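Chain by chain, the residues run as shown.
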Amino acid sequence: MARGTATGRPGQPSRPVRTAGDFLRAGAAFLALAVLVVGVPGALAYFIGWPLPHSMPSASTLKDPITASTFVRVLAIVVWLAWAQFTACVLVEAKAAISGVGMPTRIPGAGPSQLLARQLIAALLLVGATAASLTPGLSSLGGKYDGQPARHGSVATAQHQPGQQHRQTLPGQPVAQVQHHGQQTGHGSSTQADKPTKFYRITPPEGRHHDSLWEVAQRHLGDGRRYKEIYELNKDRVQPDGSRLSEASLIRPGWIMEMPGDARGGDLVEVPDPTPHVSPEEQHQVQQYDKSGTHHQHAQQQHQQPAHHEQAKPAPEHPAEQPHTTTSTGDSQDTGLPEALIASPLLAAGLLAALGRRRRTALLQAAAAGIRTSLRQPRTGAEADTQDALRIGADPDGVAFLDRALRALSAALADAGRPLPIVHAAWTTEEALHIQLASSTSEPPPTPWHLGHDQSVWSLDRTELAPDAEQSPIAPYPGLASLGTLDGSRLLLNLEAAPGILTLTGAPTDREAVLASIATELATNGWSDRMTVTLVGFGEQLDALAPTRARHLPNLDELLEAMEAETAQRRAALATAGYDTVLTGRTGLPQHTQWAPHLVLLVSDLTPQQAERLARLASRSSSLGIGYLVATEQKDLPGTAWQFDITPDGRLLAPLLGLELQAQRLPRAQYEAVLQLFKAADSPDRPDPDPTAPPVLVDLSDQGRPAVYARLMGPFEVNGLEPLDADRSVLAHEALALLLLHREGLHPRVLASALWPRGATEDVRDAVIERLRTWLGTDSDGAPRLRTAGDGRLSLSASVVSDWDVLQTLRHEAERGRGRRDRGIRRRLLKDALALARGPLLAGRPEGRYSWLTHEIAEAQLPLMVTEIALALSEEYAELDKPESSINAIHAGMRVAPNDERSWNALLRAVHATGDEARLRATAEDLSVRAADHHGARGLPPRTQALLDELLPTWRGGQIAN
């Protein structure tokens, strides 16, 4: 049965809709408690007898023989003691839960027993409980709010105004401004310090046994979304029971919360003045808690320092940034880069990887078709800005960690014979990954995973995942999609595991931006294998990004018809396999295409009949791996499980889940720029009018000798500059290599994101750039060799040259310049170009550096270009009947591209031209070995085999004999 989502008015909590599963869990908990508390002693007394003796034992009892009955009675006594301990735990936990005040007393030596008792009591009281906490500090997915009227707890007041010293620096806002604001509020009135600070003792409303910060804010501030203010005022402060409020903890009865100054409701208590309706113990606790606040320490500092010394400290010249960014918000706004992509590291990484694959595929296809093409980087405009944003924002390491962590979890569970748990969401941080299970589990997670704040959260630290950890070949949770961020943590929701329909409300443009982000990430992410993403009502061109994953349907009726058929097929496939969920199939032996997720993203208002059909489809969709996300104006869509609302300022709200995120969005302009980048990547399908034209033409005359010459092909070498200190050299060389591969110019933020993938501050980035500028020096006219253009991009002067630049210039001259008119000059130019190819791009680079090279098209262009140069030179020598020179040219090209089929075929023809059959056979055997290493069991490519059949008909017999 699908669960509906009620949308309560402000100030009025929504009444929850309890499912049959909630009542079944409560009934099971009651039955377990009855068996353990009543059934166990009853069975012991009936079958074994009362544990206490009927008479005083005598000394002769010690001389009685030890029989099997004696062992049974001793074991029975042990069970009686365990029962007594567990019963005590049940009583303690029940008292704390029912009273709603204070923390349960810890029973000595009863850790597991007390945890079991706590879980059973919580399950029994589930139907009246509020949402629990979800890492980091958010309400549990699937949690609900009770409609009971609030019972106001006691609110204490002290001699201070809260919140003034807890203001947060906004992105791009100088620290000095915030401090100056604090001075104004602190000295603007002599009575400012006399305004009371308010405290609230956590006391759940009547009929409930837990509370949440959202509901505390709803009752006392009039807006549940202000729960973050309460959290900021109280995080990491020691509570009366010795614990602390952290991002991954619940709020507990008996805790004290400092409240914002405009909190209202409840009994006010002035501290330290005595108050009749507050016990001295509670008043003392509030006073002690007040001293732990930063405002108390600030007040002491003010008393210790003269007023004329209370001046704001100057703001740091270069404040630190968030991870994966290398400039402040202001910097990015000045340059006009798309911030939505920069702020979406997983999305940007997926797009960048997909774009690189598309470009490489296009180059290879063009080369196979004999089309001379080139892929030039966009120089200006929206495409260049979008590509820069992708490079700045991308976090490929984060994607790799997420993918490896989930696959390692699946492999570990499969080895232990355990099924994959249903996962509702995942939180990623710089340090760890946390997954939220659909329900608590009694079994611990496999090592190195560990429990989070409760039994339903599994966590893995980044440093704990072994590099050689076993990986599942099937992605276990491909339906995870980024929704947004909160305090540095990123939430990914498992769209295929939602127990019903997900709805998204808000303005049409805002809804479309959220859906475009989700759809684009699903189509290109790196933690999925096979997947189908069906779009209706938007995203007509998304299939251009991932034609194997994304598809577009014209209308809702066609979608419903298709999904009804697929739902029936998936149910039949599960029944045939004997599985209850597709998760079982993802770890089982039979790998069926139906186990891959199918996610439907829909933008439409539904008729009542369409809504009912969709609700029926979604009622069992989670077990089938099908998820539905509907962007609509309809607030009460049947079958809705979780409802989200996107605000104009980019906040994603889900009050019933206790979520308020900064939404991840992809606005239309940036979405279209991304599509244009992918379309441009397909340009090799159209012949380039001048495919050999390099980004910069090098002066090949003696007068054009460069001041700085770098070798990028093979080991990296730089000539013409003084050597740097060892600790400065690595970064300077890497920055220079990146700039040499981008003669069109490079944004400083792109440079910084390449050098420091985990992020760096502006001062560090600027210091490296200035050090590089000083190292490169100036030209004869005094201009620096590292230049900054009007748009802020960095570029090198023409006096700084690499062998990659020279190779492209030589090829261009041979094909389109002087070589077109003189075959001798053509051969000399091609020979000079081939001599430059000492090996792969930046061979032998330091481990852990140059990770950006995987996204550079030059790494794919170099072997193709060298192969084409070698083939052209080989043809020149073949026409001159110089087979040995032709063979040498091909071998020179194979130093860079050893596995190009075109080189293999040309080599066979050149060796055949020598007339040496033994040499031809040896060459064929050598290529067969290369093919086995490169292609595996497929062996030599079909065209190479056909060529050998023509040149050496007996080669197959020799291969069989070998």
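Residues numbered from 1 in each chain as written. Predicted model: local features only at pLDDT ≥ 70, side-chain atom pairs only at ≥ 80, totals over all residues. Heavy atoms only, no water.

Some points on the overall build of the protein
When you go through the protein residue by residue, the secondary structure sums to 30 helices and 25 strands. Here the protein holds 962 residues, and the buried ones make up 49% of them. At a minimum sequence separation of 6, the contacts of the protein that also span at least 24 residues come to 72%. Accessible surface for the protein amounts to roughly 44,200 Å². Of this, 55% is attributable to carbon and sulfur atoms. (Helix = DSSP H or I, 4+ residues; strand = E, 2+ residues; numbered from the N terminus. Buried < 20%, exposed > 50% of the residue type's maximum accessible area, 1.4 Å probe, protein only. Contact = heavy atoms within 4.5 Å. Areas by Shrake-Rupley, 256 points an atom, 1.4 Å probe, with all protein chains shown as cover.)

Let's talk about the sheet that holds strand β21 (residues 708–711)
A sheet is described by the order of its strands in space; here three strands give the open sequence β22-β21-β25, paired in mixed fashion. Because the sheet does not close on itself, it has two edges, and the strands there are β22 (717–719) and β25 (800–802). Taking each pair of neighbouring strands and ignoring which way they run, the sheet shows an average axis angle of 20°. Bridge count for β21 against β22 is three bridges, and the pairing is antiparallel. Bridged to arginine 711 within β22 is glutamate 717. Docked against the sheet, helix α20 (residues 726–740) engages β21, β22 and β25, running at close to 80° with respect to β25. (Pairing = 2+ DSSP bridges. Axes fitted to C-alpha atoms, helices over the stretch in contact; angles between N-to-C directions.)

Examining the UniProt feature "transmembrane region" (unreviewed entry) in the protein
This chain's UniProt record puts "transmembrane region" (unreviewed entry) on residues 28–50, 70–94 and 115–134. End-to-end, the C-alpha atoms of residues 28–50 are 29 Å apart, and along that stretch the chain is 87% helix and 0% strand. (UniProt positions renumbered as here; feature names shortened; annotations may be inferred.)

Quick notes on unusual backbone geometry
Note on backbone geometry: most residues besides glycine have negative phi, and most peptide bonds are trans. Residue proline 448 is bonded to the preceding threonine 447 through a cis peptide linkage, with omega at 10°. Following the sequence through the fold, proline 448 ends up in the loop between β8 (432–437) and β9 (450–451). A positive phi is found at aspartate 236, a non-glycine position, where the angle reads about 65°. Relative to the assigned elements, aspartate 236 resides in the loop between α6 (227–234) and β5 (256–259). Take aspartate 236: its relative accessible area is 46%, and that puts it in the partly exposed class.

Describing the packing of helix α21 (residues 748–755) against helix α22 (residues 762–776)
Their axes nearest at 10 Å, the elements α21 and α22 cross at an angle of 100°. One way to sum up the angle between α21 and α22 is to call them roughly perpendicular. Contacts between α21 and α22 involve Pro748, Arg749, Leu751, Ala752 and Leu755 from the first element and Arg765, Val768 and Ile769 from the second. Its residues assigned to classes, the contact of α21 with α22 shows six nonpolar, no polar and two charged. (Parallel < 35°, antiparallel > 145°, perpendicular 65-115°, else oblique. Nonpolar A, V, L, I, M, F, W, Y, C, P; charged D, E, K, R; others polar.)

Some points on helix α14 (residues 508–524)
The terminal C-alpha atoms of α14, which comprises 17 residues, lie 24 Å apart, in line with the 24 Å expected from a rise of 1.5 Å per residue. Counted residue by residue, α14 has 14 buried out of 17 residues, so it is predominantly covered. (Expected span 1.5 Å × (residues − 1).)

What about the packing of helix α25 (residues 858–879) against helix α27 (residues 901–913)?
Running from N to C, α25 and α27 cross one another at 20°; their axes reach a closest spacing of 10 Å. Looking at the two axes, α25 sits roughly parallel to α27. Handedness of the α25/α27 crossing: left-handed. Contact residues: α25 offers Leu864, Thr867, Glu868 and Leu871, while α27 offers Arg902, Ser903 and Ala906. For the contact of α25 with α27, the per-class residue count stands at three nonpolar, two polar and two charged. (Left-handed = near helix turned anticlockwise from the far one by under 90°.)

Regarding the pairing of strand β18 (residues 640–646)
For β18, a buried count of six out of seven residues is recorded, marking the element as mostly surrounded by other parts of the structure. Relative to β18, strand β13 (residues 501–506) runs parallel, the two being bridged by six bridges. Residue pairing for β18: threonine 505 is matched across the bridge by aspartate 645. Bridge count for β18 against strand β19 (residues 651–654) is two bridges, and the pairing is antiparallel. Note that in β19 the partner of aspartate 645 across the bridge is leucine 653. The turn joining β18 and β19, which pair antiparallel and follow one another in sequence, is formed by four residues; a positive phi near 90° is taken by glycine 650.

Here's the deal with the packing of aromatic side chains
Inspection of the entire model under this criterion finds three aromatic pairs. The ring of tyrosine 289 carries the charged tip of arginine 237 above its face, separated from the ring centre by 4.2 Å. (Phe/Tyr/Trp six-rings, centres within 6.5 Å; stacked < 30°, edge-to-face > 60°. Lys NZ or Arg CZ within 6 Å of the ring centre and 35° of its normal.)

Thoughts on the environment of tryptophan 458
Residue position: tryptophan 458 is located in strand β10 (residues 457–461). On the basis of relative accessibility, which here comes to 1%, the residue tryptophan 458 falls in the buried class. A C-alpha to C-alpha distance of 10.0 Å links tryptophan 458 and valine 423, two positions 35 residues apart in sequence.

Considering the pairing of strand β11 (residues 480–486)
The buried count for β11 comes to six of seven residues, which makes it a mostly enclosed element. Note: β11 against strand β12 (residues 489–494), six bridges, orientation antiparallel. Among the inter-strand pairings, serine 482 is bridged to a residue of β12, identified as leucine 492. Here β11 folds back onto β12, and the loop between the two strands holds two residues, one of which, aspartate 487, carries a positive phi near 50°. Pairing of β11 with strand β20 (residues 659–663), which is carried by two bridges, proceeds in the antiparallel orientation. If you follow threonine 485 over to β20, its bridge partner there is glutamine 662.

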